[in-house]
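# Geometric and topological summary
The lines below spell out each chain.
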Amino acid sequence: MPQWPTEPFADVIRARGSGTAGLPQSEWKGRGEFPVIGQGEEYIEGWTDREDLAIRPAPALVLYGGHTRRAKFVDRPFVPGPNVKILEPAKTLDAKFLFYYLMQVPIKSRGYADHFPEVRRCTIPIPSLAEQKRIAAILDKADAIRRRRQETARLADTLIPSVFYEMFGTSPSSESPLGNCLQLCRNGLSVRQGELPGGLPISRIETISEAKVNPARVGYAGLGRGQVEGWLLQEGDILFSHINSLEHLGKVAIYTGQPPELVHGMNLLCLRADATQVLPLYLLYALRTSGFRARLLKYVNQSVNQVSVSTTNLRQVTIGVPPLQAQELFVARANAIRESVTHLESTSEVCNDLFNSLVQRAFRGEL
């Protein structure tokens, strides 16, 4: 362990909350002059033209999400999201070194509580600036390798929509109202959800991630199995976001059996395909096409804070229904791609583990 000098957090870091400068999600746009960077999973969560809220790092700073325990390094003009801490390091502390240090601080999750008070109690190692920059440069190179692996997996996943368009185009020869292709179309169970494991996992908006059900982003309902009979998702069911912002309306994910028991939660529709008409994986990608979205928007109800589409209206939106033989061929091709993506994602997880280990070693003075 290196004998680096240390300083109390407050002595080397000026911390302030985004406060009224934090742009609420309702005002985020799909494009704009400034990225909105907050405490969410994505580095850039939205865009805006609000120059009055823009922060221009000189030269860099670190954002920290007290609720998400997520740090982000920022060296470009940006607008902060809500409820994020803006950390300005002293001249003796390199911002990139601070970013990597915060990545490995062991803060135990307490759900959606604010973890920042625990971060403020940390003491910060202060080796020479040259040593800080050397360590940060090594970790940057390792992080670039890790991110390239993740990007490869992401690009592979975009092949399936390309195969869909190649096979079925944008103007299907045969269409049918969506309702004619479903066994089930209903809203989920309305029940209080918790962040921490306890009871049964239940779907929520955050569970939908890149057309997949993300087992790490479910809620938990304090219910026994006997209370949710009929509300457990079946493999091949599709979750459909029908009450949300306009940007996220119509997001979909297919349930593939993980987690093994998942309750269908409120504000997500469960669409269960009638396999005599459409196959579940075909339906998933049909719902993601630009043509379906254009037709969907004709049935949208809009209020001040959100947009929605009713189950009755959703059933009327048409989708292409090619012969089952063609759908089966598409599913076979898509599954082959999905197997390749799963392999890439597993190797990405290994890269993540190795990178996290490297970060830990860096702050033990082993680089």
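What comes next concerns the included structure.

Calculation notes
- Residues numbered from 1 in each chain as written.
- Predicted model: local features only at pLDDT ≥ 70, side-chain atom pairs only at ≥ 80, totals over all residues.
- Heavy atoms only, no water.
- Helix = DSSP H or I, 4+ residues; strand = E, 2+ residues; numbered from the N terminus.
- Buried < 20%, exposed > 50% of the residue type's maximum accessible area, 1.4 Å probe, protein only.
- Contact = heavy atoms within 4.5 Å.
- Lys, Arg positive; Asp, Glu negative; His and termini not counted.
- Charge placed at Lys NZ, Arg CZ, Asp CG, Glu CD.
- Salt bridge = Lys/Arg side-chain N within 4 Å of Asp/Glu carboxyl O.
- Axes fitted to C-alpha atoms, helices over the stretch in contact; angles between N-to-C directions.
- Parallel < 35°, antiparallel > 145°, perpendicular 65-115°, else oblique.
- Nonpolar A, V, L, I, M, F, W, Y, C, P; charged D, E, K, R; others polar.
- Pairing = 2+ DSSP bridges.
- Polar contact = N/O pair within 3.5 Å; in protein donor to acceptor, adjacent residues only side chain to side chain.

## What about the overall build of the chain?
In terms of regular secondary structure, the chain is built from nine helices and 22 strands. Counting all 367 residues of the chain, 45% fall into the buried class. Contacts spanning at least 24 positions in sequence make up 74% of the contacts within the chain whose residues lie at least 6 apart. Between the centroid of the 42 positive side chains of the chain and the centroid of its 37 negative side chains there is a distance of 2 Å.

## Some points on the pattern of salt bridges
Scanning the model with the defined rule gives 16 salt bridges in all. Of the charged contacts, one joins E27 and R50 as a salt bridge, the two residues approaching to 3.3 Å between their closest N and O atoms. Taken together, the residues span a long stretch of sequence, with E27 in the loop between β2 (13–17) and β3 (34–37) and R50 in the loop between β4 (46–48) and β5 (61–65) at a distance of 23 residues. The residue K96 makes a salt bridge to D140 at a minimum N-O spacing of 3.0 Å. Here the residue K96 occupies a position in helix α2 (residues 95–103), and D140 occupies one in helix α4 (residues 129–157), the gap between them amounting to 44 residues. Connected via shared salt-bridge partners are R14, R16 and E88.

## Here's the deal with the packing of helix α6 (residues 280–287) against helix α9 (residues 324–362)
Contact pair α6 / α9: the axes reach a minimum separation of 9 Å and the direction vectors enclose 85°. When the interaxial angle is binned, α6 and α9 end up roughly perpendicular. For the pair α6 and α9, contact is made by L281, Y282 and Y285 and by Q327, F330, V331, A334, N335 and R338, respectively. Considering only residue class, the contact of α6 with α9 consists of six nonpolar, two polar and one charged.

## Considering the pairing of β3
Of the two faces of β3, the one lined by F34 and V36 and the one lined by P35 and I37 are each fully buried. Across three bridges, β3 lies against β4 in antiparallel orientation. Following the sheet pairing, V36 is matched in β4 by G46. Sheet topology note: the β3/strand β7 (residues 79–80) ladder contains two bridges and is parallel. Residue pairing across strands places V36 opposite V79, the latter belonging to β7.

## Things to note about the sheet that holds β7
The mixed open sheet is built from three strands, whose spatial order is β4-β3-β7. Edge strands, defined here as strands with exactly one partner in the open sheet, are β4 and β7.

## Focus on the environment of D49
Along the chain, D49 turns up in the loop between β4 and β5. We classify D49 as partly exposed; its relative accessible area is 46%. Each C-alpha atom, one on D49 and one on V341, is 36 Å from the other, the two residues being 292 residues apart in sequence. For D49, the contacting residues outside a window of four places in its chain are K29, G32, E33 and F34.

## Some words on the side chain of N214
Positionally, N214 belongs in the loop between β14 (211–213) and β15 (219–221). Assessed through its relative accessible area of 19%, N214 is described here as buried. Among the polar contacts made by the side chain of N214, one reaches the main-chain amide nitrogen of A216 at a distance of 2.9 Å.

## Here we look at the pairing of β5
Among the five residues in β5, five count as buried, and that is most of the element. The pairing of β5 with strand β6 (residues 70–74) spans five bridges and is antiparallel. Note on β6: the bridge partner recorded for L63 is K72. Bridge analysis of β5 against strand β8 (residues 85–89) gives three bridges, and the strand direction is antiparallel.

## Concerning the side chain of Q327
By the secondary structure assignment, Q327 is in helix α9. Discounting residues that sit within four places of it in the chain, Q327 has contacts with F168, Q277, V278, L279, Y282, V321 and P322.

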